[in-house]
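# Results of the structural survey
Each chain is listed here by its residues.
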Amino acid sequence: MRFSASGKARPNEHYQLIHPNIDRCGAHLFMLLLRRIVSADFVNEFIMLTIRKLLCVAFFIWTNLLSAQSPNEQKLLHVRFPIDGDTVTYTKIRIAGSTLPAARVTINGQATRVYPSGAFVGRVDLKPLDNEITIIASDSSNEERAVLHIYRTPPLPVSPERPTQLDPRVAWPEEDIVLVSGDLLEVRIKGSPGGKAWFSIPGLCKNIAMTELPPDDAQGMRGIYAGAIRLHTKKSFSPRPVKFELRGIDGKKAQALSKGLVSVVSDAIPIVGETKNTTHLKTAPSGWGVMSILPPGVRLHLIGQRGTHFKVHLTESDYAYVASSDVTLLPQGTPVPKTTISLPSIGFDGDWIQLSMNVQTNCPYQIQQSIDPPLLELIVYGAHLTSQWITYPSRDTTIKLIRWQQPSADVFKLIVELNQPQQWGHRVRFGDGKMILEIRRTPKIAAPPKSPVAGLIFTLDAGHGGKEFGAVGATGLMEKDVNLAYTKKLAALLDSAGAKVVLTRQTDTTLSLAERINIARRANTHIFCWLHNNSIGASSDPLAVRGTSTYFTIPQNCELARAIYPYLLELGLTPFGFIQSDYYVTRQTDMLIVLVEGAFMSHPEDEMLLMDDRFLDRLARAVFRGLEEFCRKQNPIYQ
């Protein structure tokens, strides 16, 4: 989604734009429609003449409505970014807008290039506090200006040495935390440099010494004090703040309280929860670091809380985090999640192989994937192996070998070696006392003269849509519209090649990411194409970044993203990269997924390409050729 410089979503009215070329585009579309109608074989001459007359009347009315546009719609100057009144923290901000192609534009008195599309971009420095940016567009007969007021929040200053003071704007904990007895608590506070600091928590600890961090360890700032304590208690303590005290070099004292409150619970009675939604098991409360995607019904041993995330016990030395909103707390006395687990029985469900293991409790797990050698490693926490018996199927050779390990009393590992150079998806589900690891078999790849994509199921997702505009170019071109246009072109190519194609949206519709993935799952999709275009951030140089890229997250999607990228470069686009990153969509494991970012909406020359329907034809064909190339490599007949 496109955001304002302050990070807030822009309201719709900022994007109700009249494109400078709408009259020419409309006339072209009208004539194309007229030609199609008059050439239709099934329309007799009388009906044909009637329709022509009606369309001519409609076109006459439409063009007169365009000529009667309001003064606002005929403005010489349109500023798309930033929004007047934005508040930001960075030192520079980019400017984007449009005018008439023959007009002149200045930004704070500096002449700025106007592109053939009418787009102009720039970047200006911001001083702390209030800034005024003046943009002027002029031609031989007119001049318009816009004055933007941007507020830059000043950086935090180093606290003065005298008088002694504490600054609670930098104080840890920043949010409420719940610790289990024996956990380590780390605290920080900003204050006058050169002093002596300590902290206390009523009823838990008193006057614990802190140290002033070197500036290199505190983002270049003096006066940042840090401390830590491991809290041991036999009883629980209700939430309470951390109390900081500082004695400065002037001999005076200052005090402050943390915003976040600290609670401590006894470890004598375990706390158990259960996932109520599909959720992520993460390595940290904030950031990416997704370890696993857990379905509903998984039991978790909870050992604390950091803000909006529970801390989850995995082993004596390993823990993870899960969103507290996705977990239901179970009654006191519920046993911690432990289970026996059997080696799998192997069955089939369509093109999925099912490895079913008997369990008593749905325990947390993660899957690690390797491409060379091809294998999946399932790690189940709280599980202990009981039976050791596997019968391999005689009619399928997808599985090469299954190995298992019990590295500790409550950690079970199942290693599945595969005869699949290219893996096509995996997933875990629970049901009827079983934990089921499902592995997708390699689909049949069509041989010549058919296209290698024939018979495969593709879900194409045109990014954004509806209320989610995506990036907006300097001319007002919306990413959601460009994405949908080239998605439909790619769909036509795949359909004509014999593939089954599913579109997550065919109109300007708002869909969540989960809804898009669920559409693909219902279709039993082989390959999911997430089709977007790119944009820079609010403070970046719009002329320094452009080009095309493909993205993947998990190893099974690497070769898919790699196969498409060279064909995008053949379009003459600047290489931005073949990139591994982590997004909600691309981390899903049960199908192949690639993210394509065609070009940068924020660069005027890339935007002009995306305004050209013929270029979108070429963009769609480039992705299609990459998909064919990837599928071709999966059939030995092509080697």
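Residues numbered from 1 in each chain as written. Predicted model: local features only at pLDDT ≥ 70, side-chain atom pairs only at ≥ 80, totals over all residues. Heavy atoms only, no water.

## Here's the deal with the pairing of strand E11 (residues 184–191)
In terms of strand pairing, strand E9 (residues 166–172) meets E11 through four bridges, oriented antiparallel. From the neighbouring strand, alanine 171 faces E11, where its bridge partner is isoleucine 189. Where E11 lies against strand E15 (residues 224–230), seven bridges are found, and the strand directions are antiparallel. Across the sheet, valine 187 pairs through a bridge with glycine 227, a residue of E15. (Pairing = 2+ DSSP bridges. Helix = DSSP H or I, 4+ residues; strand = E, 2+ residues; numbered from the N terminus.)

## Overview of unusual backbone geometry
The omega torsion across phenylalanine 81 and proline 82 is 0°, close enough to zero to call that bond cis. Along the polypeptide, proline 82 turns up in the loop between strand E1 (78–81) and strand E2 (87–88). Of note, the amide linkage connecting aspartate 372 to proline 373 takes the cis form, showing an omega dihedral of 5°. Relative to the helices and strands, proline 373 is located in the loop between strand E28 (365–370) and strand E29 (375–381). For asparagine 207, which is not a glycine, the phi torsion comes out positive at approximately 55°. Position of asparagine 207 among the secondary structure elements: in strand E13 (residues 205–209). Of note in the backbone geometry, asparagine 524 takes a positive phi value of approximately 55° without being a glycine. Mapping asparagine 524 onto the fold places it in the loop between helix H4 (513–522) and strand E37 (527–534).

## What about the sheet that holds E15?
Pairing is antiparallel across the open sheet formed by four strands, whose spatial order is E9-E11-E15-E14. Of all the strands in the sheet, the pair left with one neighbour each is E9 and strand E14 (211–212).

## Some points on the sheet that holds strand E34 (residues 434–440)
Taking strand neighbours across the sheet as the criterion, the four strands line up as E26-E27-E34-E33 in an open arrangement whose pairing is antiparallel. Pairing within the sheet leaves two strands with one partner each, and these edge strands are strand E26 (345–349) and strand E33 (426–431). Averaged over all neighbouring strand pairs, the angle between strand axes comes to 25°, with direction disregarded. Strand direction decides the pairing type here: E26 and strand E27 (residues 352–358), joined by five bridges, are antiparallel. In the strand pairing of E27, isoleucine 346 is matched with leucine 355. (Axes fitted to C-alpha atoms, helices over the stretch in contact; angles between N-to-C directions.)

## A word on the packing of helix H5 (residues 558–569) against helix H7 (residues 613–632)
Closest axis-to-axis distance for the H5/H7 pair is 8 Å, and the angle between their directions is 140°. The angle between H5 and H7 falls in the class oblique. Viewed along their axes, H5 and H7 form a crossing whose handedness is right-handed. Of the residues in H7, those touching H5 at Glu559, Leu560, Ala563, Ile564, Tyr567 and Leu568 are Leu619, Ala622, Val623, Arg625, Gly626, Leu627, Glu629 and Phe630. Looking at side-chain class alone, the contact of H5 with H7 contains ten nonpolar, one polar and three charged residues. (Parallel < 35°, antiparallel > 145°, perpendicular 65-115°, else oblique. Left-handed = near helix turned anticlockwise from the far one by under 90°. Contact = heavy atoms within 4.5 Å. Nonpolar A, V, L, I, M, F, W, Y, C, P; charged D, E, K, R; others polar.)

## Some remarks on the packing of aromatic side chains
Evaluated as defined, the whole model comprises seven aromatic pairs. Seen from their ring centres, tyrosine 551 and tyrosine 583 are 6.1 Å apart, and the 75° between their planes marks the pair as edge-to-face. With a gap of 32 residues between them, tyrosine 551 in strand E38 (residues 548–552) and tyrosine 583 in the loop between strand E39 (575–580) and strand E40 (592–600) connect regions that are remote in the sequence. Take tyrosine 551: its relative accessible area is 6%, and that puts it in the buried class. The exposure class of tyrosine 583 is partly exposed, given its relative accessible area of 28%. Taken together, Trp530, Tyr551 and Tyr583 form an aromatic cluster joined through their ring pairs. Sitting over the face of the ring of tyrosine 319, lysine 311 holds its NZ or CZ atom 4.2 Å from the ring centroid. Lying over the aromatic face of phenylalanine 348, arginine 395 brings its terminal NZ or CZ to 4.1 Å of the ring centre. (Phe/Tyr/Trp six-rings, centres within 6.5 Å; stacked < 30°, edge-to-face > 60°. Buried < 20%, exposed > 50% of the residue type's maximum accessible area, 1.4 Å probe, protein only. Lys NZ or Arg CZ within 6 Å of the ring centre and 35° of its normal.)

## Let's talk about the pairing of strand E7 (residues 129–138)
Counting buried residues along E7, seven of its ten residues qualify, which places the element largely inside the surrounding structure. As defined by bridge partners, strand E4 (residues 104–107) adjoins E7 across four bridges and the pair is classed as antiparallel. The partner of isoleucine 107 across the bridge, within E7, is isoleucine 135. By the bridge criterion, ten bridges tie E7 to strand E8 (residues 143–152) in an arrangement that is antiparallel. Across the sheet, isoleucine 135 pairs through a bridge with alanine 146, a residue of E8. The antiparallel pairing of E7 with E8 creates a hairpin that spans four residues between the two strands.

## Overview of the nonpolar core
The tendency in soluble globular proteins is for nonpolar side chains to be buried side by side. Counting 46 residues, the largest nonpolar core has Phe458, Leu460, Leu490, Leu494, Ile527, Leu610 and Leu627 as its most contacted members. Among the secondary structure elements, those contributing two or more residues to this core are strand E35 (457–462), helix H3 (479–496), E37, H5, E40 and H7. Residue contributions to this core peak at ten residues, all from H7. With 42 residues, the next largest nonpolar core counts Leu294, Val312, Tyr365 and Leu385 among its residues. (Core = buried A, V, L, I, M, F, W, Y, C linked by side-chain atoms within 4.5 Å.)

## Digging into the packing of H3 against H7
Two numbers describe how H3 lies on H7: the axes approach to 8 Å, and their chain directions differ by 50°. With respect to H7, the element H3 is oriented oblique. In this structure, the crossing between H3 and H7 has a hand that is right-handed. Counting all contacts with H3, which are made through Val482, Ala485, Tyr486, Lys489, Leu490, Leu493 and Leu494, the residues of H7 involved are Asp613, Leu616, Asp617, Leu619, Ala620, Arg621, Val623, Phe624 and Leu627. For the contact of H3 with H7, the residue count by class is twelve nonpolar, no polar and four charged.

## Considerations on H7
Count 3.6 residues to each turn of an α-helix, and residues three or four apart come out pointing the same way. Under the 1.5 Å per step criterion, the end-to-end length of H7 is 28 Å for 20 residues, consistent within 8% with the ideal 28 Å. Looking at where H7 begins, the residue whose side-chain oxygen comes 2.9 Å from the main-chain nitrogen of arginine 614 is aspartate 612. (Expected span 1.5 Å × (residues − 1). Polar contact = N/O pair within 3.5 Å; in protein donor to acceptor, adjacent residues only side chain to side chain.)

## Let's talk about the confidence of the model for the chain
Confidence in the prediction of the chain, expressed as mean pLDDT, is 90, and 88% of residues score 70 or more. The low-confidence segment residues 1–72 (pLDDT under 50) makes 73 contacts with residues lying over four places distant or belonging to another chain. (pLDDT = per-residue confidence, 0-100.)

## Brief notes about H4
Within the sequence span of H4, burial applies to Arg516, Ile517, Ile519 and Ala520. Mapping the buried residues of H4 onto a view down its axis gives an arc of 155°, with all of them on the same face. Those residues of H4 that are buried lie in contact with E35, strand E36 (500–503), E37 and E40. Positive backbone phi, at 55°, marks asparagine 524, one or two positions downstream of H4. (Arc of directions from axis to C-beta.)

## A closer look at the pattern of salt bridges
On inspection of all chains with the given rule, the structure shows 27 salt bridges. Residues glutamate 161 and arginine 222 are paired through a salt bridge, measuring 3.1 Å at the closest nitrogen-oxygen approach. With glutamate 161 in the loop between E8 and E9 and arginine 222 in the loop between E14 and E15, the pair connects residues that are 61 residues apart, well separated along the chain. Owing to a relative accessible area of 38%, arginine 222 belongs among the partly exposed residues under this scheme. As a salt-bridge pair, lysine 253 and glutamate 245 come within 3.2 Å of each other at their nearest N and O atoms. The structure contains a network of salt bridges with shared partners spanning Arg113, Arg546, Glu605 and Asp606. (Salt bridge = Lys/Arg side-chain N within 4 Å of Asp/Glu carboxyl O.)

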